[in-house]
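Below are the chains, spelled out letter by letter.
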Amino acid sequence: MSIQKDLNIVIAGFGGQGILFAGKVLAYAGLQEGMEISWLPSYGPEMRGGTANCSICLSHEPIGSPLVVTPNVLVAMNLPSLDKFVDAVEPGGLILVDSSLIDKKVTRTDVTVRYIPATRLAEDNGLKGLANIIMMGCLYQEIPFCSEKNLDEGLQKCIPARKAAMLDLNRKAFALGQSLK
């Protein structure tokens, strides 16, 4: 499996939503796939409850800068993040919105927008705290940038040993996101 063009992704939300973890999973999956990758976390001083975002670049060519200024994918997990990054997405890009937490609609007509009630789906399916992985499953369903095997290896690599029991729940959350049409 091979992506057709570079992916420049911004995942954004508030601290405690697993923003950086989700980005790390994507980066490790790309690494397993043999791609050039970069993962650049950014978070406010407040940590939990403060702002958090992560830039991920996945490419088959060397990456000049890890900073994503004009993403072709935005995953917005809260309203301030959508407001901050929506206009930066390049025309033709993809915006995934957690519609459980964001009731605002994207007015741009030059991007594809998917509204996913990820936080509600996580809670309704016994996956509290895994809305981030549901969103990653949805992203993968839209843009399958690597093999599922490499994505699963990325998940395994990122889940610390002390949370090994979370692997199956993360797999379930990813599959749920992937199943959304």
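Check the entry above for the structure.
The rules behind each value
Residues numbered from 1 in each chain as written. Predicted model: local features only at pLDDT ≥ 70, side-chain atom pairs only at ≥ 80, totals over all residues. Heavy atoms only, no water. Phe/Tyr/Trp six-rings, centres within 6.5 Å; stacked < 30°, edge-to-face > 60°. Buried < 20%, exposed > 50% of the residue type's maximum accessible area, 1.4 Å probe, protein only. Helix = DSSP H or I, 4+ residues; strand = E, 2+ residues; numbered from the N terminus. Lys NZ or Arg CZ within 6 Å of the ring centre and 35° of its normal. Axes fitted to C-alpha atoms, helices over the stretch in contact; angles between N-to-C directions. Left-handed = near helix turned anticlockwise from the far one by under 90°. Contact = heavy atoms within 4.5 Å. Nonpolar A, V, L, I, M, F, W, Y, C, P; charged D, E, K, R; others polar. 1 Å grid on protein atoms, 1.4 Å probe; cavity = no way out; pocket = protein on both sides within 12 Å on 5 of 7 lines; lining within 4 Å. Points joined across faces, edges and corners; volume = space filled by probe spheres on them. Polar contact = N/O pair within 3.5 Å; in protein donor to acceptor, adjacent residues only side chain to side chain. Patch = residues over 30% accessible without salt bridge, like charges linked within 9 Å, V, L, I, M, F, W, Y side chains within 5 Å. Areas by Shrake-Rupley, 256 points an atom, 1.4 Å probe, with all protein chains shown as cover. Salt bridge = Lys/Arg side-chain N within 4 Å of Asp/Glu carboxyl O. Core = buried A, V, L, I, M, F, W, Y, C linked by side-chain atoms within 4.5 Å. Expected span 1.5 Å × (residues − 1).

### Topic: the packing of aromatic side chains
Alright, step 1. Under the criterion given, the structure shown has two aromatic pairs.
Alright, step 2. Ring centres of Tyr140 and Phe145 lie 5.8 Å apart, and the angle between their planes is 80°; this geometry places the pair in the edge-to-face category. In this pair, the class of Tyr140 matches that of Phe145, namely buried.
Alright, step 3. Considering the side-chain rings of Tyr140 and Phe174, the 5.6 Å spacing of their centres and the 55° angle between planes classify their relative orientation as tilted. Of this pair, Tyr140 sits in helix H4 (residues 131-142) while Phe174 sits in helix H6 (residues 167-179), placing them 34 residues apart in sequence.
Alright, step 4. Residue classification places Tyr140 among the buried residues on the basis of a relative accessible area of 4%.
Alright, step 5. One aromatic cluster is present, formed by Tyr140, Phe145 and Phe174 through successive ring pairs.
Alright, step 6. Geometry around Tyr115 places Lys105 over its ring, the cationic atom sitting 4.0 Å from the centre.

### Brief notes about the packing of helix H1 (residues 19-32) against H4
Alright, step 1. Two elements in contact, H1 and H4, have axes separated by 9 Å at closest approach and are oriented at 35°. The handedness of the crossing between H1 and H4 comes out as right-handed. On H4, the residues that touch Phe21, Ala22 and Leu26 of H1 are Asn132, Ile133, Met136 and Leu139.
Alright, step 2. Among the residues making up the contact of H1 with H4, the classes are represented as six nonpolar, one polar and no charged.

### A word on empty space enclosed by the protein
Alright, step 1. If you walk through the whole model with that rule in mind, you get one cavity of 30 Å³ or more.
Alright, step 2. The volume enclosed by the largest cavity comes to roughly 40 Å³.
Alright, step 3. Along the walls of the largest cavity sit Val25, Leu26, Ile133, Met136, Leu151, Leu155 and Phe174, which together make up its complete lining.
Alright, step 4. Mapped by element, the contributors of at least two residues to the lining of the largest cavity are H1, H4 and helix H5 (148-158).

### Section: the environment of Trp39
Alright, step 1. Looking at the element boundaries, Trp39 is found in strand S2 (residues 36-43).
Alright, step 2. On the basis of relative accessibility, which here comes to 29%, the residue Trp39 falls in the partly exposed class.
Alright, step 3. Excluding residues that lie within four positions of it along the chain, Trp39 makes contacts with Leu20, Gly23, Lys24, Ala27, Cys54, Ser55 and Ile56.
Alright, step 4. Within the local environment of Trp39, its side chain forms a polar contact with the backbone oxygen of Leu20, the two atoms lying 3.3 Å apart.

### Notes on the environment of Gly126
Alright, step 1. Inspection of the secondary structure puts Gly126 in the loop between helix H3 (118-124) and H4.
Alright, step 2. Distance in space between the C-alpha atoms of Gly126 and Ala173 is 9.4 Å, their sequence separation being 47 residues.

### Notes on a nonpolar patch on the surface
Alright, step 1. On the surface, Leu40, Leu67 and Val69 cluster together into a nonpolar patch covering about 270 Å² of accessible area.
Alright, step 2. What makes Leu67 exposed here is its relative accessible area of 51%.

### Describing the nonpolar core
Alright, step 1. Ile9, Ile11, Ile116, Ile134, Met136 and Phe145 are the most contacted members of the largest nonpolar core, which has 39 residues in total.
Alright, step 2. Secondary structure elements with two or more residues in this core: strand S1 (7-14), H1, strand S3 (51-59), strand S4 (73-76), strand S5 (94-98), H3, H4 and H6.
Alright, step 3. Apart from the residues lying within four places of it in its own chain, the contact partners of Ile116 are Leu96, Val97, Asp98, Ser99, Ser100, Leu121, Ile134, Met135, Cys138 and Leu180.

### Observations regarding H4
Alright, step 1. Its 12 residues place the ends of H4 17 Å apart at the C-alpha level, agreeing with the 16 Å of an ideal helix rising 1.5 Å per residue.
Alright, step 2. Those residues of H4 that sit buried are Ala131, Asn132, Ile133, Ile134, Met135, Met136, Gly137, Cys138, Leu139 and Tyr140.

### Quick word on the pattern of salt bridges
Alright, step 1. Enumeration over the complete set of coordinates arrives at eight salt bridges.
Alright, step 2. Among the salt bridges present, the one from Arg108 reaches Asp110, with a minimum N-O distance of 2.9 Å.
Alright, step 3. Between Lys128 and Glu123 there is a salt bridge, with its nearest N and O atoms 3.9 Å apart.
Alright, step 4. Note on Glu123: relative accessible area 46%, which makes it partly exposed.
Alright, step 5. Linked by salt bridges that have partners in common, Asp152, Asp168 and Arg171 make up one network.

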